[in-house]
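Summary of the model geometry
Next come the chains, spelled out residue by residue.
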Amino acid sequence: CLALFHDESAGVGFELGGASCYGPKLEENKWYYIVGVYDETHLRLYVNGNEVASTAFSDPVTYLPTTAELEIGSGWGRNWRGIIDGIALLREEMSPHEVQKGYELGRTR
């Protein structure tokens, strides 16, 4: 299971396998740049270029080809009410510098 979500009670979250980490609750009508990174030792959650949460996690992740549908904006009772400008799933982890650079580039669009 791979999920990046906003939960009304817990805030923004990143989940992989059996681990998760949570950041702040997001305000309505505000733009956010949210990134979840797994670096083989931790799940890390970034909001607007800054790391806001991390959880130790070192289980191996296996990438398997699938024909399953990718769901965006719903699942497990966490229905997204907002606009999603873009999504990227990367096989390589992003460094903190790359996350910050992505945030800065997004702010200038």
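Please read all numbers here as calculations on a predicted model, not as lab measurements.

With that settled, consider the confidence of the model for the protein chain. Confidence along the protein chain averages 84 in pLDDT terms, with 89% of residues attaining 70 or more. The element-level mean pLDDT for the protein chain is lowest in strand β1 (residues 2–7), coming to 82, with strand β6 (residues 50–56) highest at 95.

Take the sheet that holds β6 next. Two orientations exist for strands paired in a sheet by backbone hydrogen bonds: parallel and antiparallel. Here we have 3 strands laid out as an open sheet, ordered β4-β5-β6, and antiparallel in their pairing. Bordering the open sheet on either side are β4 (34–38) and β6, each of which pairs with just one other strand. The sheet shows a mean angle of 15° between the axes of neighbouring strands, taken without regard to direction. Pairing of strand β5 (residues 42–47) with β6 involves 6 bridges; the strand directions are antiparallel. Pairing of tyrosine 46 across the sheet is with glutamate 51, part of β6.

The next thing to look at is the sheet that holds strand β3 (residues 19–22). Read from one edge of the open sheet, 3 strands run β1-β2-β3, paired in antiparallel fashion. In this open sheet, the two strands that pair with only one neighbour each are β1 and β3. Pairwise comparison of adjacent strand axes, ignoring direction, gives a mean angle of 15° for this sheet.

Note on placement: isoleucine 83 falls in the loop between β6 and α1 (96–107). Using a relative accessible area of 80% as the deciding quantity, one classes isoleucine 83 as exposed. The sequence separation of isoleucine 83 and asparagine 29 amounts to 54 residues, and the corresponding C-alpha distance is 9.6 Å.

Below, the discussion takes up the side chain of aspartate 39. Note on placement: aspartate 39 falls in the loop between β4 and β5. For aspartate 39, a relative accessible area of 17% translates into the label buried. In terms of polar contacts, aspartate 39 uses its side chain to reach the backbone amide nitrogen of histidine 42, at 2.7 Å. Here the side chain of aspartate 39 touches arginine 44 through a polar contact of 3.0 Å, side chain to side chain. Excluding residues that lie within four positions of it along the chain, aspartate 39 makes contacts with Arg44 and Glu93.

The rules behind the values
- Residues numbered from 1 in each chain as written.
- Predicted model: local features only at pLDDT ≥ 70, side-chain atom pairs only at ≥ 80, totals over all residues.
- Heavy atoms only, no water.
- pLDDT = per-residue confidence, 0-100.
- Helix = DSSP H or I, 4+ residues; strand = E, 2+ residues; numbered from the N terminus.
- Pairing = 2+ DSSP bridges.
- Axes fitted to C-alpha atoms, helices over the stretch in contact; angles between N-to-C directions.
- Buried < 20%, exposed > 50% of the residue type's maximum accessible area, 1.4 Å probe, protein only.
- Polar contact = N/O pair within 3.5 Å; in protein donor to acceptor, adjacent residues only side chain to side chain.
- Contact = heavy atoms within 4.5 Å.

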